[in-house]
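Residue-level structure breakdown
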Amino acid sequence: MALTIKVYSDYVCPFCLLAEAQLEQAAAERDVIIDYMPFSPQPYTHLAFEGFQFAKEQGKGKAYNSRMYTAFFQDNLDIGDIDVLTQLAEELGLDGAGFRSALEQRTYQEHHRQALQHAYQEANITAAPTFVIGDTVAKWLLFKDQFLELIDTELAKRERLERWTDGLSCSADGCS
């Protein structure tokens, strides 16, 4: 069973951009699922993160995230502009008209608000990037070897616990 890594990031955080490539390299070597979560206190990126929800529903969330980083940091594009975001979505093969409509109608505004509320209030995220790998929370830029070490540690914990699944316990159906 794959290990899930929750990534709390912001499209305008240079450390998130750098960490993304390192995590992807580590993930290619292990059985992990990367779950991208927004963490941006800046209203400037809200539309871009709402667009992520559209892209994610279409199976292009990972590609969308990567493109937002390169658009902002390498192409110097305004990722707070609907026209720019729509063009980028179309580059990824997404339906431009549907994407634009979702942003104009603010279809994912509530979803994004809830995701931020989760980050701040439930997950206690205070910095980007933050990685939740099993029981471990790392609130800084990690490199491939560090990701691999944390992943291997969590997988080893999981294997130990799986060996204990034949223990005795009681449930509503009785004890066994």
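Residues numbered from 1 in each chain as written. Predicted model: local features only at pLDDT ≥ 70, side-chain atom pairs only at ≥ 80, totals over all residues. Heavy atoms only, no water.

Within an unreviewed UniProt entry, the label attached to the protein reads DsbA family protein, and the organism entered is Paenibacillus alba.

This part is about the packing of aromatic side chains. Counting across every chain of the model gives ten aromatic pairs. Each ring, one from Phe-131 and one from Phe-147, has its centre 4.9 Å from the other, and the planes form 85°; the classification is edge-to-face. Taken together, the residues Phe-131 in strand β3 (residues 130–133) and Phe-147 in helix α7 (residues 144–163) connect sequence positions 16 residues apart. For the pair Phe-131 and Phe-147, one class covers both residues: buried. Connected via pairs of aromatic rings, a cluster forms that spans Tyr-11, Phe-49, Phe-52, Phe-54, Tyr-64, Tyr-69 and Phe-99. (Phe/Tyr/Trp six-rings, centres within 6.5 Å; stacked < 30°, edge-to-face > 60°. Helix = DSSP H or I, 4+ residues; strand = E, 2+ residues; numbered from the N terminus. Buried < 20%, exposed > 50% of the residue type's maximum accessible area, 1.4 Å probe, protein only.)

Interaxial distance between helix α2 (residues 46–57) and helix α6 (residues 109–122) falls to 9 Å at its minimum, and their mutual angle equals 105°. Relative to α6, the element α2 is oriented roughly perpendicular. Residues His-46, Phe-49, Glu-50 and Gln-53 of α2 lie in contact with α6, whose contacting residues are Gln-109, His-111, His-112 and Leu-116. Here the contact of α2 with α6 is built from residues that sort into two nonpolar, five polar and one charged. (Axes fitted to C-alpha atoms, helices over the stretch in contact; angles between N-to-C directions. Parallel < 35°, antiparallel > 145°, perpendicular 65-115°, else oblique. Contact = heavy atoms within 4.5 Å. Nonpolar A, V, L, I, M, F, W, Y, C, P; charged D, E, K, R; others polar.)

Applying the stated rule across the entire model yields one disulfide. Residue Cys-170 pairs covalently with Cys-175 via a disulfide, S to S 2.0 Å. Since a negative S-S torsion denotes a left-handed disulfide, the Cys-170-Cys-175 link at about 105° is right-handed. Assessed through its relative accessible area of 60%, Cys-175 is described here as exposed. The thiol of Cys-16 is not disulfide-bonded; the next cysteine sulfur, from Cys-13, is found 3.2 Å away. (Disulfide = S-S within 2.5 Å.)

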